[in-house]
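Listed below, chain by chain, are the residues.
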Amino acid sequence: MKYIIGVGGVTNGGKTTLTKRLIKALPNCCVVHQDDFFKKPDQIEVGDDGFRQWDVITALDMEAMTNTIRGWVENPVKFARSHGVVVPPVSEATDPDQQIHILIVEGFLLYNYKPLMDVYNKCYYISIPYEECKRRRSTRQYTVPDPPGLFDGHVWPMYRKHRKEMEDSCLDIEYLDGLKSKEEIYQHVYEDIQNTLLNRL
């Protein structure tokens, strides 16, 4: 059985923290990070707001990301092994279809790309308010540092625009409160996934 989980959310909302814990806890679990598909800085265009457009879908090679996810769908065992995930062999007594394979797709613009909208079995989205998001973002060290004014001039307006698009898309998304403790968020999502998987077996 194959199961794809989306962990989306606002910048610095806690997506990666949650994903890392889920990978350790769930069986045969692989991950695809959207951040791994950013184009090179010289390929990122400068927008009308005067900033390089990092927070838009065209900043990402979404085709490559889609192909990576399709590769997992075609052969989760091969994908897992090539990414260093140990998959226990299926014994003869076990029905191979009963073996669960999980893929977590993590990123800030997961639910705004049409070709991927129907791949998720479960969609989560972590939100935090403006003040907290700005505070967390200001404490992070990025490979390409944020220029002054980027958060208010580009990051937050793009988040609001994409969030509205996402809410209008009619995808079944469960919204999570990113102000709750990391433990609370993790426990809720982990139990939710376990219950869903049990009901599907």
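Overview of the structure. Throughout this document, residue positions are counted from 1 along each chain, in the order its sequence is written. Residues qualify for local features only when their pLDDT is at least 70, as the model is predicted, and side-chain atom pairs are given and counted only at 80 or more; totals for whole chains, interfaces and linings, by contrast, use all residues. The side-chain figures draw on all heavy atoms in the structure; neither hydrogens nor water molecules are used.

What follows concerns the pattern of salt bridges. Any two side chains of opposite charge can pair, on the condition that their charged atoms come close. Each salt bridge in this description consists of a side-chain nitrogen of Lys or Arg and a carboxyl oxygen of Asp or Glu lying within 4 Å of one another. If you walk through the whole model with that rule in mind, you get 10 salt bridges. Notably, a salt bridge pairs Lys 134 with Asp 152, separated by 2.6 Å at the nearest N-O pair. With Lys 134 in helix H4 (residues 130–139) and Asp 152 in helix H5 (residues 150–168), the pair connects residues that are 18 residues apart, well separated along the chain. Exposure classes here rest on a 1.4 Å probe applied to the protein chains alone. A residue is buried below 20% of its type maximum, exposed above 50%, and partly exposed in between. Overall, Lys 134 belongs to the partly exposed group, its relative accessible area being 32%. The partly exposed category is assigned to Asp 152, whose relative accessible area is 39%. The secondary structure listing takes helices from DSSP runs of H or I that are at least 4 residues long and strands from runs of E that are at least 2 residues long, numbered from the N terminus.

Within the fold, Ser 138 resides in helix H4. Sequence-wise, Ser 138 and Pro 115 are 23 residues apart; in three dimensions their C-alpha atoms are separated by 33 Å. Of the polar contacts made by the side chain of Ser 138, one reaches the backbone oxygen of Arg 135; its length is 2.7 Å. In the analysis that follows, any N or O atom pair within 3.5 Å is treated as a polar contact, provided that within protein one partner can donate a hydrogen and the other can accept it, and provided that, for residues neighboring in sequence, both atoms belong to side chains.

The next subject is unusual backbone geometry. In this structure, Asn 12 is a non-glycine residue whose phi angle is positive, near 60 degrees. Residue position: Asn 12 is located in the loop between strand E1 (2–9) and helix H1 (15–25). The phi dihedral of Cys 170 falls on the positive side, at around 70 degrees, and the residue is not glycine. Taking relative accessible area as the criterion, Cys 170 reaches 72% and is therefore assigned exposed.

Geometry of aromatic contacts follows a simple scheme: Phe, Tyr and Trp rings, the Trp one being its six-membered ring, pair when their centres are within 6.5 Å, and the pair is stacked under 30 degrees between planes, edge-to-face over 60, tilted otherwise. Within this structure, the stated rule accounts for 10 aromatic pairs. Between Tyr 186 and Tyr 190, the ring centres sit 5.6 Å apart and the planes meet at 25 degrees, which makes this aromatic pair stacked. Of the two residues, Tyr 186 and Tyr 190 are both situated in helix H6 (residues 182–200); the distance of four residues between them amounts to about one turn of the helix. The ring of Tyr 186 has Arg 21 lying over it, and the distance from NZ or CZ to the ring centre is 3.9 Å. Lysine NZ or arginine CZ positioned within 6 Å of the ring centre and within 35 degrees of the ring normal marks a charge as sitting over the ring.

For H4, the set of buried residues is Glu 132, Cys 133, Arg 136 and Arg 137. What you see down the axis of H4 is that its buried residues fit within an arc of 130 degrees, all on one side. Residues Glu 131, Ser 138 and Thr 139 are exposed on H4 and point more than 90 degrees away from its buried face. The criterion used for residue contact is that any of the two residues' heavy atoms lie within 4.5 Å. Check the buried side of H4 and you find it contacts H5. Note: the arc covers the axis-to-C-beta directions of the helix.

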